[in-house]
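# Understanding the architecture of this molecule
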Amino acid sequence: DVKVTQSSRYLVKRTGEKVFLECVQDMDHENMFWYRQDPGLGLRLIYFSYDVKMKEKGDIPEGYSVSREKKERFSLILESASTNQTSMYLCASSFGGEGSYNEQFFGPGTRLTVL
Amino acid sequence: AQSVTQPDIHITVSEGASLELRCNYSYGATPYLFWYVQSPGQGLQLLLKYFSGDTLVQGIKGFEAEFKRSQSSFNLRKPSVHWSDAAEYFCAVVTFGNEKLTFGTGTRLTIIP
């Protein structure tokens, strides 16, 4: 079974803190994705990566950065957390690299609250 | 830009009744289409996908979906729902040359006894 794990299910941080959300997949997938999920807005893509050390901006990259030093790990970084970043964050992975349209496998999500 | 519309925010269905969840997309060419389900507290799980070929697609858990090019729709159906089908359902699309998935806003399904 494909497994995508996220470091925390729930996280509470204060405004201005630097926040790291970690995602690990165990299926040797090339592609990894970070989404945020908000009621009434569905899932919106923040960043994605087709390979180690590669990153591409999604639809809402402002206020976020990412790091992919190893193939299995994709980190989302909030440099200075703000209350409008309170959300559910979902990580996903898929095989195939750039130009592929394969099924994405999702982690359980991290519910982040910024006070 | 591609977009996906799920016009029903919330649907309530009796257990054993049939179900249809609507999905419309906006794109000139034929897209690749997906339905995902999210159970409470869980990540998303793929129910089914359409890339080409037969326009009626079978998925897991007894779900099916039909691609209708003329209506730009990809509606999800199940002939008889079970209480365990209560969840949120997302339609998603990806188009050639733009590999990012675009999701609809989701439909929450409630099952009543």
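One can find the structure itself at the top, above this paragraph.
Figured I'd write up the structure that's included with this text. Just so it is clear, the model here is predicted, and its values are computed rather than measured. (Residues numbered from 1 in each chain as written. Chains lettered and ligands numbered in written order. Predicted model: local features only at pLDDT ≥ 70, side-chain atom pairs only at ≥ 80, totals over all residues. Heavy atoms only, no water.)

## A few points about the interface of chain A and chain B
Across the contact, 22 residues belong to chain A and 22 residues belong to chain B. Carbon and sulfur atoms supply 56% of the area buried between chain A and chain B, which totals about 1,700 Å² over both sides. For the side of chain A that touches chain B, the secondary structure elements donating two or more residues are strand S4 (31-38) and strand S5 (42-49) of chain A. Per-element accounting of the side of chain A that touches chain B gives the leading share, four residues, to S5(A). Looking at the side of chain A that touches chain B residue by residue, the classes come out as 10 nonpolar, seven polar and five charged. (Contact = heavy atoms within 4.5 Å. Buried area = accessible area lost by both parts, 1.4 Å probe. Helix = DSSP H or I, 4+ residues; strand = E, 2+ residues; numbered from the N terminus. Nonpolar A, V, L, I, M, F, W, Y, C, P; charged D, E, K, R; others polar.)

## A few points about the side chain of A:Gln37
Along the polypeptide, A:Gln37 turns up in strand S4. In this structure A:Gln37 comes out as buried when scored by relative accessible area, which is 12%. A polar side-chain atom of A:Gln37 sits 2.7 Å from a polar atom in the side chain of B:Gln38. (Buried < 20%, exposed > 50% of the residue type's maximum accessible area, 1.4 Å probe, protein only. Polar contact = N/O pair within 3.5 Å; in protein donor to acceptor, adjacent residues only side chain to side chain.)

## Focus on the pattern of salt bridges
Within the structure shown, the criterion is met by 10 salt bridges over all chains. The partner of A:Lys71 in a salt bridge is A:Asp28, with the nearest N and O atoms 3.1 Å apart. Here A:Lys71 is found in the loop between strand S7 (65-70) and strand S8 (73-78), whereas its partner A:Asp28 is found in the loop between strand S3 (19-25) and S4, with 43 residues between them in sequence. Look at A:Asp28 and you get exposed, because its relative accessible area is 53%. A salt bridge links B:Arg77 to B:Glu64, with the shortest nitrogen-to-oxygen separation between them at 3.2 Å. Note that B:Arg77 is positioned in strand S9 (residues 73-78) and B:Glu64 in strand S8 (residues 64-68), a separation of 13 residues in sequence. When salt bridges with common partners are traced through the structure, they connect A:Arg36, A:Asp38 and A:Arg44 into a single cluster. (Salt bridge = Lys/Arg side-chain N within 4 Å of Asp/Glu carboxyl O.)

## Looking at the sheet that holds S3(A)
Residue and element names in this part refer to chain A. In spatial order, the strands read S1-S3-S8-S7; together these four strands make up an open sheet with antiparallel pairing. Since the sheet does not close on itself, it has two edges, and those belong to strand S1 (4-6) and S7, each with one partner. The mean angle between the axes of side-by-side strands here comes to 20°, regardless of whether they run parallel or antiparallel. Alignment of S7 against S8, held across four bridges, turns out to be antiparallel. Bridge pairing in S8 places Val66 opposite Leu76. (Pairing = 2+ DSSP bridges. Axes fitted to C-alpha atoms, helices over the stretch in contact; angles between N-to-C directions.)

## Considerations on the state of the cysteines
Residues and elements named next belong to chain B. Considering all chains together, one arrives at two disulfides over all chains under this definition. Across a sulfur-sulfur distance of 2.0 Å, Cys23 and Cys91 are joined as a disulfide pair. Judged by the sign of its S-S torsion, about -65°, the cystine formed by Cys23 and Cys91 is left-handed. Of this pair, Cys23 sits in the loop between strand S3 (19-21) and strand S4 (24-26) while Cys91 sits in strand S10 (residues 87-95), and the two are 68 residues apart along the sequence. Residue Cys91 is classed as buried on the basis of its relative accessible area of 0%. (Disulfide = S-S within 2.5 Å.)

## A word on the nonpolar core
The biggest cluster of nonpolar side chains holds 26 residues, and the ones touching the most others in it are B:Leu19, B:Trp35, B:Leu47, B:Leu48, B:Phe74, B:Leu76 and B:Tyr89. Examining the composition of this core, we find that four residues originate from one element, S10(B), more than from any other. Judged by nonpolar contacts, the second largest core, of 21 residues, contains A:Tyr50, A:Met88, B:Leu44 and B:Phe103. (Core = buried A, V, L, I, M, F, W, Y, C linked by side-chain atoms within 4.5 Å.)

## Describing the environment of B:Tyr36
For B:Tyr36, the location among the structural elements is in strand S5 (residues 32-38). By relative accessible area, B:Tyr36 is classed as buried at 0%. When the C-alpha positions of B:Tyr36 and B:Leu21 are compared, they lie 12 Å apart, and in sequence the two are 15 residues distant. Discounting residues that sit within four places of it in the chain, B:Tyr36 has contacts with A:Glu103, A:Gln104, A:Phe106, B:Leu44, B:Gln45, B:Leu46, B:Leu47, B:Glu88, B:Tyr89, B:Phe90, B:Leu101 and B:Phe103. Engagement of the side chain of B:Tyr36 in a polar contact is seen with the backbone nitrogen of A:Gln104, the distance being 3.2 Å.

## Notes on the environment of B:Phe67
All names here are of chain B. As for its placement among the helices and strands, Phe67 is situated in strand S8. Given the relative accessible area of 3%, Phe67 is considered buried. Leave out the neighbours within four places in its chain, and Phe67 touches Tyr25, Thr30, Leu33, Tyr50, Thr55, Ser73 and Phe74.

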